[in-house]
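Residue-level listing of the chains:
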Amino acid sequence: MKILLLVSSMHAGGAERVAATLVNAWTERGDTVTLVPTYSSKGTCFYPVSDAVNLIWLADRAGTRHGGPLAAWTRLRALRQLIIEQKPDVVVSFLTNVNVAAILATKVLGKLDVPLIVCERTNPVAETTTGRVWSQARRFLYPKADMVTVQADDTVGPFSRQVPGMRRLEVIPNPLPPALLDAPLVDAQAETPRKRLLAMGRLVPAKQFDLLIDVFAQLATAYPDWDLWIWGEGPDRDSLRGRVESAGLVDRIQLPGRTDAPWEALSEGHAFVLSSAVEGFPNVLLESMALGLPCVAFDCPSGPREMTRDGQDAILVPAGDRDKLRDGMRRVMADATLRHSLGLRAAQSVRDRYALPAVLAQWDRLFETVRGKA
């Protein structure tokens, strides 16, 4: 097949990581793949992309003007011309703004004879940062796409009501990076002088790291050999640091910043906590489980319930419930045997369900559907 994948950038992010994983896998099996970052300026690929992938920066075609209607129109025309030149068998686009541009380029400015699959990479129902304009654009334009995908079953019903008239709405999860399938498991019950409870993500309100700090502070005295490490960077850093200082836990709660080696950081832990109010598909939870870390997670929309099989493979607690989160954290901090069994079960489960070949097979079924071969 000839596959063209559109993504906003190739910076360090979940959508970008999945884009790199998919294009590399498709290329390796013999597909002809073009990857197009559509952002208004060029950049670099944070995640490795195979030399066999045809990497085209839209900014090379449209210039690097950042804003305004003229710049947007120039990029849109350049995108449409690029698709015409490439003659792909299917176009796949990631993220709302790119999805809208892809629909305009292939279905509105003049219909191109190429099927289009647009993919939401967050929880579009709970997303609060999209804005009214983009929400209205989704509602009007998504029904014109050949297929829309979301990442979790929980999203299907609400999103169908939010954007009625979509031709086909499917669920497709993120794959585990192939390297994780063979990675050694964490020894979660190891006897060490200090143990690490880990969290990871952008330091923003939706991750609720302030709540996590408060809950850990309630347990710190009872479990003096445990520390909390919150990996990530973002605008809440100063307020979170102030919270740590107010709790008197500067030596016990670390905010080491963003890491370029997240799996190495995770492998140094003994348990993982997801305290988010909302997620689209929390890759960090999936990867922690794959490494054999015992996990405690809020049952937030969306993803954790499916990943953990309704709490069979992790401790799943009601979203926002501080007391239940504290109880779940206490259980994994207090019981080495539980940490071992929970981590082992999680790794076996997600390495099977989210292995790259399994997810690629799901993509192939989508391709057959939109090309009329299913």
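It should be noted that the structure appears before, not after, this text.
Residues numbered from 1 in each chain as written. Predicted model: local features only at pLDDT ≥ 70, side-chain atom pairs only at ≥ 80, totals over all residues. Heavy atoms only, no water.

Caption draft 1: Fine view of the overall build of the protein chain. Secondary structure assignment for the protein chain yields 15 helices and 13 strands. Taken along the three principal axes of its C-alpha coordinates, the protein chain extends 65 × 40 × 40 Å. Classification of the 374 residues of the protein chain by burial places 53% in the buried group. In the protein chain, the proportion of contacts linking residues at least 24 apart, taken out of those at least 6 apart, comes to 69%. Carbon and sulfur atoms make up 50% of the accessible area of the protein chain, which amounts to about 15800 Å² in all. The average position of the 44 basic charges and that of the 42 acidic charges among the side chains of the protein chain differ by 7 Å. (Helix = DSSP H or I, 4+ residues; strand = E, 2+ residues; numbered from the N terminus. Buried < 20%, exposed > 50% of the residue type's maximum accessible area, 1.4 Å probe, protein only. Contact = heavy atoms within 4.5 Å. Areas by Shrake-Rupley, 256 points an atom, 1.4 Å probe, with all protein chains shown as cover. Lys, Arg positive; Asp, Glu negative; His and termini not counted. Charge placed at Lys NZ, Arg CZ, Asp CG, Glu CD.)

Caption draft 2: Quick look at the nonpolar core. Counting 33 residues, the largest nonpolar core has Leu197, Phe216, Ile230, Leu325, Met329 and Met333 as its most contacted members. Here this core takes seven residues from helix α8 (residues 209–219), the largest share from any one element. Each residue touching Met329, except ones within four places of it in the same chain, is listed here: Leu197, Leu212, Val215, Phe216, Leu219, Val273 and Val296. (Core = buried A, V, L, I, M, F, W, Y, C linked by side-chain atoms within 4.5 Å.)

Caption draft 3: Local environment of the environment of Val118. Tracing the backbone shows Val118 in strand β5 (residues 116–119). For Val118 and Ala247, which are 129 residues apart along the polypeptide, the C-alpha to C-alpha distance reads 45 Å. Apart from residues no more than four positions distant in its own chain, Val118 is found in contact with Ser93, Asn99, Ile103, Tyr142, Ala145, Met147, Val148 and Thr149.

Caption draft 4: Region of the structure containing the packing of aromatic side chains. Summed over the entire model, instances satisfying the criterion amount to seven aromatic pairs. Ring centres of Trp363 and Phe367 lie 5.8 Å apart, and the angle between their planes is 40 degrees; on these two criteria the pair is classed as tilted. Of this pair, Trp363 and Phe367 both sit in helix α15 (residues 356–370), four residues apart, which is roughly one turn of the helix. These aromatic residues form a ring-pair network of at least three members: Trp26, Trp363 and Phe367. (Phe/Tyr/Trp six-rings, centres within 6.5 Å; stacked < 30°, edge-to-face > 60°.)

Caption draft 5: Spotlight on the sheet that holds strand β8 (residues 195–200). Reading across from one edge, β10-β9-β8-β11-β12-β13 is the order of the six strands in this open sheet, with parallel pairing throughout. Each end of this open sheet is capped by a strand with a single partner; those strands are β10 (253–257) and β13 (315–318). Within the sheet, the average angular offset between the axes of one strand and its neighbour, ignoring direction, is 25 degrees. Summarising the sheet, strand β9 (residues 226–231) and β10 pair through three bridges and their orientation is parallel. Each residue of the ladder has a partner; that of Trp231, found in β10, is Gly257. (Pairing = 2+ DSSP bridges. Axes fitted to C-alpha atoms, helices over the stretch in contact; angles between N-to-C directions.)

Caption draft 6: Focus on helix α14 (residues 336–353). Relative to the 26 Å expected for 18 residues at 1.5 Å per residue, α14 spans 26 Å between its end C-alpha atoms, a close match to the ideal helical length. Sitting at the amino-terminal end of α14 is Asp335, which places a side-chain oxygen 3.0 Å from the backbone nitrogen of Thr337. (Expected span 1.5 Å × (residues − 1). Polar contact = N/O pair within 3.5 Å; in protein donor to acceptor, adjacent residues only side chain to side chain.)

Caption draft 7: Highlighting the packing of helix α13 (residues 322–334) against α14. Closest axis-to-axis distance for the α13/α14 pair is 5 Å, and the angle between their directions is 100 degrees. One element, α13, and the other, α14, form an angle in the roughly perpendicular class. Contacts between α13 and α14 involve Arg331, Val332, Met333 and Ala334 from the former and Ala336, Leu338, Arg339 and Leu342 from the latter. Residue classes in the contact of α13 with α14 are distributed as six nonpolar, no polar and two charged. (Parallel < 35°, antiparallel > 145°, perpendicular 65-115°, else oblique. Nonpolar A, V, L, I, M, F, W, Y, C, P; charged D, E, K, R; others polar.)

Caption draft 8: Seen up close, the environment of Ser8. With respect to the helices and strands, the residue Ser8 is situated in the loop between β1 (2–7) and α1 (14–28). Judged by relative accessible area, Ser8 falls into the buried class, the value being 14%. Spatially, the C-alpha atoms of Ser8 and Thr74 are 16 Å apart, while their sequence positions differ by 66 residues. If we ignore the near neighbours within four places in the chain, the residues touching Ser8 are Pro37, Thr38, Tyr39, Leu95, Asn97 and Val98.

Caption draft 9: How the structure looks around unusual backbone geometry. Pro301 connects to Ser302 through a cis peptide bond whose omega is -5 degrees. Among the structural elements, Ser302 can be located in the loop between β12 (295–299) and α12 (304–307). One non-glycine residue, Leu95, lies in the positive phi region at around 85 degrees. For Asp310, which is not glycine, the phi dihedral falls at a positive 55 degrees. When you line up the elements, Asp310 lands in the loop between α12 and β13.

Caption draft 10: Spotlight on the layout of surface pockets. Taken as a whole, the second largest pocket encloses approximately 360 Å³ of empty space. Together, 15 residues line the second largest pocket, and Thr38, Arg75, Asn97, Ala101 and Trp134 are the ones closest to its centre. Here the lining of the second largest pocket takes five residues from helix α4 (residues 96–108), the largest share from any one element. (1 Å grid on protein atoms, 1.4 Å probe; cavity = no way out; pocket = protein on both sides within 12 Å on 5 of 7 lines; lining within 4 Å. Points joined across faces, edges and corners; volume = space filled by probe spheres on them.)

Caption draft 11: Layout of the packing of α1 against α15. For the pair α1 and α15, interaxial distance at closest approach is 11 Å and the crossing angle is 80 degrees. One way to sum up the angle between α1 and α15 is to call them roughly perpendicular. Only Leu356, Leu360, Trp363 and Phe367 of α15 make contact with α1, whose side of the interface consists of Thr21, Leu22, Ala25 and Trp26. Class assignment for the residues of the contact of α1 with α15 results in seven nonpolar, one polar and no charged.

Caption draft 12: Layout of a nonpolar patch on the surface. The grouping of Leu70, Trp73, Val108 and Leu109 at the surface amounts to a nonpolar patch, some 370 Å² of accessible area in total. Note that Val108 resides in helix α4. When its relative accessible area of 41% is taken as the criterion, Val108 is described as partly exposed. (Patch = residues over 30% accessible without salt bridge, like charges linked within 9 Å, V, L, I, M, F, W, Y side chains within 5 Å. Salt bridge = Lys/Arg side-chain N within 4 Å of Asp/Glu carboxyl O.)

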